[in-house]
Amino acid sequence: MRESGETTEASQQESTATTSVTLVLVSRRGGGALRVVALLAENWACRGRNVRVMTNLVEAPEWSMRPEDIELVPLPPLPPASSRWKSIQAIRFGRYVIMAGLACRRDARTRGSEPFVAFLPGTALLVLAATIGLASRVIVCERNDLTRQPVPLIVRLGRRLLYPRSALVTVNHPGSQRAAGRIAGRSPTALLPNPAPSPADPADVRGSRVMLNVGRLVIQKNQQALLEAFGRVISTISADWRLWVVGDGPLRSILEQARGRLQLEDAVRLIGHVADIDPRYRAAAFLVLTSAWEGTPNVVLEAQAHGLPVVLPTTIADGSDLVTDGEDGLVYDPAVHGDLDRCLCSLMDDADLRVRLGLAAWERAKQRHEQDAPGDWLRLIDSLPAAPP
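An account of the accompanying structure is given in this report. Note that this is a predicted model, so its numbers are computed, not measured.

1. Details of the packing of aromatic side chains
- Going through the model one piece at a time under the given rule, you end up with 3 aromatic pairs.
- Here the aromatic rings of W44 and W377 are separated by 6.4 Å at their centres, their planes lie at 55°, and the arrangement is tilted. Pair noted here: W44 is in helix α2 (residues 31–46) and W377 is in helix α13 (residues 373–382), with a separation of 333 residues, a long-range link. Residues W44 and W377 agree in their burial class; the two are buried.
- Judged by centre distance (5.9 Å) and plane angle (15°), the ring pair of F119 and W377 falls under stacked. Separated by 258 residues along the polypeptide, F119 in strand β4 (residues 115–119) and W377 in helix α13 bring together distant segments of the chain.
- According to the relative accessible area criterion, F119 is buried, its value standing at 0%.

If you want it as structure tokens, here you go:
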């Protein structure tokens, strides 16, 4: 939401603002949401804001080089995700919610009407429940496709009950804004894009023979479809191509089995979670996503910032805002048999195409970075009333 007005007026407004901001994230791995939090925190701190990050991920590598004026407020660690007994897992999680909620409430009591920017539904519900009766202004940040993402019944009920007491509900792509209005109740909604990473030196997409996929190994990301497509096309293209899958998750063993069944042990690497993803982008020729749904995938923004073409499915919400087919990437329809194969073959077989699309993707990333999304976030937060509606 870019505010109109002269740049000098915006600069004066930011220089005189004294608002402290607390960003909150509870997550097992962090992923794209953690990178968004880190980008916003660093940018806002550089603008002179008092920035605090309340999270269970205080040891994440994203904070190793943070500015000194970003304060990390630790939340209790999440309980183990796997348990033989569902009842034990439910008890552990319930205990965690109570502990984290009490920690959040104790902190919020000392912060007056300071904004709390809560990322992802679970975190937002936790913060909204913990601040009942307090003056805290809670901004809910939904970062996925509300029209496609399946959520548990308890989350749907929690949204209906608690989102109406938020100061604002934000989404990161236009397709979710109408859906956000249905769950926000009387609270306002806003479209706030993810902050764009700074453009890096473009990767050597001509010389590379690496196809890259980045994401958790879960049903949503659908990496098995990518392995199967890669297995079909590798026999018709130079055999020195490799597929790197960066990320971890519960479907790792299934993907390992698929790799063996397709006889791709030498061609496909399941790299797992990495602390620094940049070297993987620099080594790649292009990025491929096969997700069943997404909001704004941060991996697309990051890949384009490294000058990589992106292959994107039509299942990505508002994907045209990310990739223009044939200009800075390729778009395929998962419902059309062989359409993904067509995109892979085109990029694997044509180095000139990779270079042309990659340079256009890098230019798009540069323009996106210049749009100052973090400043848009701050201006909207500054405009909120001093107390919850």
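2. Side note on the pattern of salt bridges
- A complete count under the given rule lists 19 salt bridges for this structure.
- With a shortest N-O distance of 3.0 Å, D352 and R206 are connected by a salt bridge. Of the two residues, D352 is situated in helix α12 (residues 351–370) and R206 in the loop between β7 (189–191) and β8 (210–214); the sequence distance between them amounts to 146 residues.
- For R206, a relative accessible area of 41% corresponds to the partly exposed category.
- Between R252 and E256 there is a salt bridge, and its shortest N-O distance comes to 3.1 Å. Of this pair, R252 and E256 both sit in helix α8 (residues 252–261), 4 residues apart, which is roughly one turn of the helix.

3. Focus: helix α3 (residues 86–109)
- Taking 1.5 Å as the rise per residue, α3 with 24 residues should run 34 Å; its terminal C-alpha atoms sit 34 Å apart, in good agreement.
- Regarding α3, the residues found buried are Q89, Y96, A100, G101, A103, C104, D107 and A108.
- For α3, the secondary structure elements touched by its buried residues are β2 (50–55), β3 (70–74), β4 and α4 (121–130).

The rules behind these values
Residues numbered from 1 in each chain as written. Predicted model: local features only at pLDDT ≥ 70, side-chain atom pairs only at ≥ 80, totals over all residues. Heavy atoms only, no water. Phe/Tyr/Trp six-rings, centres within 6.5 Å; stacked < 30°, edge-to-face > 60°. Helix = DSSP H or I, 4+ residues; strand = E, 2+ residues; numbered from the N terminus. Buried < 20%, exposed > 50% of the residue type's maximum accessible area, 1.4 Å probe, protein only. Salt bridge = Lys/Arg side-chain N within 4 Å of Asp/Glu carboxyl O. Expected span 1.5 Å × (residues − 1). Contact = heavy atoms within 4.5 Å.

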